[in-house]
Amino acid sequence: MRVTAKKFTIVLLIGLFLMGIGQIVWAEKWQPYQFKGNERFEFKISFEENENKGEAFYILDIKESSEKSASGEEVYEVSYITKGTLAKDELGPETAFGLMGSYGISLNMMMINPAYSFFFSQMDLKVGEKMNFFGAGIVKVIGKEKIAGREGFVCQLFQADEEEKMMAEWVIDPELALPLRSKIFEDGELQGQIELVKYVQY
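Parameters and conventions
Residues numbered from 1 in each chain as written. Predicted model: local features only at pLDDT ≥ 70, side-chain atom pairs only at ≥ 80, totals over all residues. Heavy atoms only, no water. Helix = DSSP H or I, 4+ residues; strand = E, 2+ residues; numbered from the N terminus. Polar contact = N/O pair within 3.5 Å; in protein donor to acceptor, adjacent residues only side chain to side chain. Contact = heavy atoms within 4.5 Å. Salt bridge = Lys/Arg side-chain N within 4 Å of Asp/Glu carboxyl O. Buried < 20%, exposed > 50% of the residue type's maximum accessible area, 1.4 Å probe, protein only.

> Let's hear about the side chain of Ser-121: which residues, and what values?
Here Ser-121 is to be found in helix α4 (residues 114-122). At 2.6 Å, the side chain of Ser-121 and the backbone oxygen of Phe-118 are in polar contact. Within the structure, Ser-121 has its side chain in polar contact with the side chain of Gln-122 (distance 3.2 Å). Ignoring any residue separated from it by four or fewer positions in sequence, one finds Ser-121 in contact with Lys-29, Trp-30 and Gln-31.

> Which residues make up the pattern of salt bridges, and what values go with them?
Within this structure, the stated rule accounts for 11 salt bridges. Taking the shortest distance from any N to any O, the salt bridge between Asp-124 and Lys-29 comes out at 2.9 Å. Here the residue Asp-124 occupies a position in the loop between α4 and β4 (130-132), and Lys-29 occupies one in the loop between α1 (2-26) and β1 (39-49), the gap between them amounting to 95 residues. Among the residues examined, Asp-124 registers a relative accessible area of 26% and is labelled partly exposed. What makes Lys-29 partly exposed here is its relative accessible area of 43%. Lys-44 serves as the salt-bridge partner of Glu-55, at 3.4 Å between the closest nitrogen and oxygen.

Okay, structure coming up:
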């Protein structure tokens, strides 16, 4: 009887050890804005302006060129496209330098606030994980979702002093430099979102 109990204890301890190792192995970290090169992102942007809904598209293309830098490193050709529609009376100075200026949208803030990038790089991405962004908010990983054929972790940001109040939500694939989808909230209302519709590697 004692031998059986001892064997059971050993098996249980091994199981717990392996479970812990599994959690370490399966927890992933994300490094925002760490591009691989030779890749193309296409996003659809939805937003509200003066109670009117708007839509635009943003394309980022990073392609290796035939050139080399002075130190012999690869050189990449990077192009940006913003595409949308504007009424004639909205055409102005901002129009010449990208539609986001016309819409009054900061793309980097809509994608992910740069201040959160460091925090995310320190966070283990696994369902059930929770992290306090040092007073800036609390992030919870609540599940997974597929977008544009890729799977990512659903991460929700809540106010530090009011945990029921969501400020943002991201769907993050640790393999990509940008979120699959970003949503920005204000007073519980969705203000805008940017969602990947196509990702291509060359």
